[in-house]
Amino acid sequence: MNISGVNSNYLRLVYDLLSLIFTSLFVYFFHSMAKIPVELMPLVLAPIVVMGSNLALGIFSYNRLASGVKKVGIIAASVILGAGAMLLVSETFSSAVLFSFIVFPLLALPRYFVNLNRTDSSFVSRVLDDKGVVLIVGGAGYIGTHVVDVLLNSNFKVRVLDRLMYNRATIKDFEGNPNFQFVEGDATDISKLVEAMTGASAVVHLAGLVGDPACAVDKDFTRHTNVISTRMVKDVALSAGVSRFIFASSCSVYGANDDVVSETSDLNPVSLYAVTKIDSERELLNTQNEDFHPTILRFATVFGHSRRPRFDLVGNLFTAQAFNEKRMNVVGPAQWRPFVHCRDLARAIEKVLRAPVSKVHGQIFNVGDENLNMTIGDLANKVAEVAKQNQAEVRMDISENVSDRRNYRVSFKKIKNVLGFEAEYTIEKGVAEIWSQFQKGSYGDYKTKAYSNLEMTKIQVNSFYDPLQTTNIYRPVSDNLKTTEA
């Protein structure tokens, strides 16, 4: 349980009780001085009714993050009920009126004025004004570059913290933009985190090891990179007073499941990668309070072109194999996966940043689209269809020898209903985009180590354990690649 959140509610509860007691005593002594006899029973009953009504209407629980106007409405209803209770047991109308006129502003005004700093529209404007920088940790990566692009095009001010594993080319398109700032460093480097967090109004945490094979290389390194880094980014955000925190999780947390899973489904991790995502989610959700609003986004299996390409993702790999070798190695064709384009993930992140705090505080959203739930075999067929449209016949080498036990279909109704998010990219559109980039010669050899999280992780682990190479953790891995391949 979050201590900060408990303390905040405890203080509000104490304040409300003291205000109610003070009001009742004031009414009693005021009428006594005026020589009007007033019974004590209604003055004891009214505070109990007001407090009970506030508790029942969730002002200390599910409505504690509601707008100031809504809270004022709740308090008004409670005060009316309290005054009504007084009238039921006493005929002193003046006592009920005096009680209401004193206690209502005491309970309502503080909440209203405090919420002026948290109103949904004012928060969005704070993100967009000169001080409202959105920090993207891992913003030079596969998904991060799309997030930067989408936010800059929407007039957000963006700052990226990234160690530039794949050299500076991934962010060169943004460097001339006056709304773009860059801090080179690792997410576990506290000095760089503090520098990057200063003045930020929101954090999008995308950094970490991604994918089951990469995370299986070394358990200690994986937990350091995925769980410890999340804790550090969270702690610095709390210290800096950053209220919005968006965390990139994964639908892999559902593991093997025969049912269509939603955000409320039981988790069934079958890999260390999924376990670290669950641990990071809990780290954030257990810290939520009225000034810290974490949102968990569980990404579907990603595909699509990016400034930092990847060909260890099944959709991208099938496309690369089809274009270069006119064949696809289809393993486990009957397994289900949800898919989503990396550009659509960036759009989902923007929607969370623009959403009212009350809609996204402490919430978990699966990010994808119902129409993109399909089997691996269906995916291969769609890639083959795009290849055929480009006058290429592709052979499928099908294997049922599956080591990856994941099998799940995902419901994306929540993000559609709450935030109005739907994917714009179909599989065919994303595959055609990658195909076009291959035709242009943008990628070169798709088997290059830089296109594989697994291969890049192996290089990082060597540096992680070598005391003479520890400084390499905080310098571009592309430099290490040159040394390794020399």
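Everything below is about the structure printed above this text.
Because the structure is a prediction, the values reported are computed rather than measured. (Residues numbered from 1 in each chain as written. Predicted model: local features only at pLDDT ≥ 70, side-chain atom pairs only at ≥ 80, totals over all residues. Heavy atoms only, no water.)

**As for the overall build of the protein chain**
Move 1: Within the protein chain, the secondary structure is distributed over 18 helices and 14 strands.
Move 2: Put simply, of all contacts in the protein chain between residues at least 6 apart along the chain, 78% involve residues at least 24 apart.
Move 3: When the accessible surface of the protein chain is split by element, carbon and sulfur atoms take 56% of a total near 21,300 Å². (Helix = DSSP H or I, 4+ residues; strand = E, 2+ residues; numbered from the N terminus. Contact = heavy atoms within 4.5 Å. Areas by Shrake-Rupley, 256 points an atom, 1.4 Å probe, with all protein chains shown as cover.)

**Topic: the pattern of salt bridges**
Move 1: Taken as a whole, this structure holds 21 salt bridges when the rule is applied.
Move 2: Here Glu424 makes a salt bridge to Arg347, at a shortest N to O gap of 3.4 Å. Here Glu424, found in the loop between helix H15 (413–419) and helix H16 (427–440), pairs with Arg347, found in helix H12 (residues 342–354); they are 77 residues apart in sequence, far enough to count as distant.
Move 3: Owing to a relative accessible area of 17%, Arg347 belongs among the buried residues under this scheme.
Move 4: One salt-bridge network, held together by shared partners, links Glu325, Arg327, Arg395, Asp397 and Lys447. (Salt bridge = Lys/Arg side-chain N within 4 Å of Asp/Glu carboxyl O. Buried < 20%, exposed > 50% of the residue type's maximum accessible area, 1.4 Å probe, protein only.)

**Side note on the packing of aromatic side chains**
Move 1: Under the definition given, this model contains eleven aromatic pairs.
Move 2: Aromatic pair Phe311 and Tyr443: ring centres 5.0 Å apart, planes at 80°, arrangement edge-to-face. Here Tyr443 lies in the loop between H16 and helix H17 (453–465) and Phe311 lies in the loop between strand E8 (301–303) and helix H11 (314–325), a separation of 132 residues in the sequence.
Move 3: In this structure Phe311 comes out as buried when scored by relative accessible area, which is 6%.
Move 4: Note on Phe438 and Tyr443: the rings are 4.7 Å apart at their centroids and 70° apart in plane angle, and the pair reads as edge-to-face. Considered together, Phe438 and Tyr443 belong to a single accessibility category, that of buried residues.
Move 5: In this structure, Arg310 packs its charged tip against the face of Tyr142, placed 5.7 Å from the ring centre.
Move 6: In this structure, Lys326 is placed above the aromatic ring of Phe323, and the distance from its NZ or CZ to the ring centre is 5.7 Å. (Phe/Tyr/Trp six-rings, centres within 6.5 Å; stacked < 30°, edge-to-face > 60°. Lys NZ or Arg CZ within 6 Å of the ring centre and 35° of its normal.)

**Quick word on the environment of Asp162**
Move 1: Looking at where Asp162 falls in the secondary structure, it is placed in strand E2 (residues 157–162).
Move 2: The exposure class assigned to Asp162 is buried, which follows from its relative accessible area of 10%.
Move 3: For Asp162 and Gly138, which are 24 residues apart along the polypeptide, the C-alpha to C-alpha distance reads 4.9 Å.
Move 4: Beyond its immediate sequence surroundings of up to four residues, Asp162 is in contact with Gly138, Gly139, Ala140, Gly141, Phe182, Val183, Glu184 and Gly185.

**Comments concerning empty space enclosed by the protein**
Move 1: Counted by the stated rule, this structure contains two cavities of 30 Å³ or more.
Move 2: Of the voids in this model, the largest cavity is the one considered here, and its volume is about 40 Å³.
Move 3: Every residue lining the largest cavity is listed: His205, Ala207, Gly208, Leu209, Asn226, Ser229, Thr230, Phe247, Lys277 and Ser280.
Move 4: Secondary structure elements with two or more residues in the lining of the largest cavity: helix H9 (219–240) and helix H10 (272–285).
Move 5: Partitioning the lining of the largest cavity into residue classes produces three nonpolar, six polar and one charged. (1 Å grid on protein atoms, 1.4 Å probe; cavity = no way out; pocket = protein on both sides within 12 Å on 5 of 7 lines; lining within 4 Å. Points joined across faces, edges and corners; volume = space filled by probe spheres on them. Nonpolar A, V, L, I, M, F, W, Y, C, P; charged D, E, K, R; others polar.)

**A short note on the sheet that holds E8**
Paired through backbone hydrogen bonds, the strands of a sheet run either parallel or antiparallel to each other.
Move 1: Overall, mixed pairing links the three strands, which are arranged E8-E10-E12 in an open sheet. With partners counted over all chains shown, the strands left at the sheet margins are E8 and strand E12 (373–375), one partner each. Between one strand axis and the next, the sheet turns by 50° as a mean value, whatever way the strands run.
Move 2: On the sheet, H12 packs against E8 and strand E10 (336–341) and is oriented at approximately 70° with respect to E10. (Pairing = 2+ DSSP bridges. Axes fitted to C-alpha atoms, helices over the stretch in contact; angles between N-to-C directions.)

**A few points about the sheet that holds strand E11 (residues 364–367)**
Move 1: Across the sheet, which stays open at both edges, the seven strands sit in the order E3-E2-E1-E4-E5-E7-E11 with parallel pairing between neighbours. The open sheet terminates on both sides in strands that have one partner only, identified here as strand E3 (180–184) and E11. Here the strands of the sheet are splayed against their neighbours by 20° on average, with no regard to which way each runs.
Move 2: When strand E1 (residues 133–137) meets strand E4 (residues 200–205), the two strands line up parallel, connected through five bridges. Within the sheet, the bridge partner assigned to Ile136 lies in E4 and is Val204.
Move 3: Sheet strands in contact with H9 are E1, E4 and strand E5 (244–250), and its direction is about 170° off that of E4.
Move 4: Contacts from H10 reach E5, strand E7 (293–299) and E11, with the element oriented near 160° to E5.

**Notes on the packing of helix H6 (residues 144–153) against H12**
Helix-helix packing is characterised by the crossing angle of the two axes and by the distance between the axes.
Move 1: Where H6 contacts H12, the two axes come as close as 8 Å, and the packing angle between them is 50°. The orientation of H6 with respect to H12, classified from their angle, is oblique. At the point where H6 passes H12, the crossing takes the right-handed sense. Residue-level inspection shows His146, Val147, Asp149, Val150, Leu151 and Asn153 of H6 in contact with H12, the latter providing Cys342, Arg343, Ala346, Ile349, Glu350 and Leu353.
Move 2: Partitioned by chemical class, the residues of the contact of H6 with H12 number seven nonpolar, two polar and three charged. (Parallel < 35°, antiparallel > 145°, perpendicular 65-115°, else oblique. Left-handed = near helix turned anticlockwise from the far one by under 90°.)

**Some remarks on the packing of H11 against H16**
Move 1: Between H11 and H16, the least distance of the axes is 10 Å, while the angle of their chain directions is 45°. Judged on the interaxial angle alone, H16 and H11 are oblique. The crossing of H11 and H16 is right-handed. Within the contact between the two elements, H11 uses Asn316, Thr319, Ala320, Ala322, Phe323 and Asn324 and H16 uses Val431, Ile434, Trp435, Phe438 and Gln439.
Move 2: Considered class by class, the residues forming the contact of H11 with H16 number seven nonpolar, four polar and no charged.

**Structural notes on H17**
Move 1: End to end, H17 covers 18 Å across 13 residues, agreeing with the expected 18 Å (1.5 Å per residue, within 8%).
Move 2: Turning to H17, its buried residues number three or more, namely Asn453, Met456, Thr457, Ile459, Gln460, Val461 and Ser463. (Expected span 1.5 Å × (residues − 1).)

**Quick word on a nonpolar patch on the surface**
Move 1: Judged by side-chain polarity, Leu17, Ile21, Leu25 and Phe29 come together as a nonpolar surface patch covering roughly 380 Å² of accessible area.
Move 2: Within the fold, Phe29 resides in helix H1 (residues 3–33).
Move 3: Residue Phe29 is classed as partly exposed on the basis of its relative accessible area, which comes to 48%. (Patch = residues over 30% accessible without salt bridge, like charges linked within 9 Å, V, L, I, M, F, W, Y side chains within 5 Å.)

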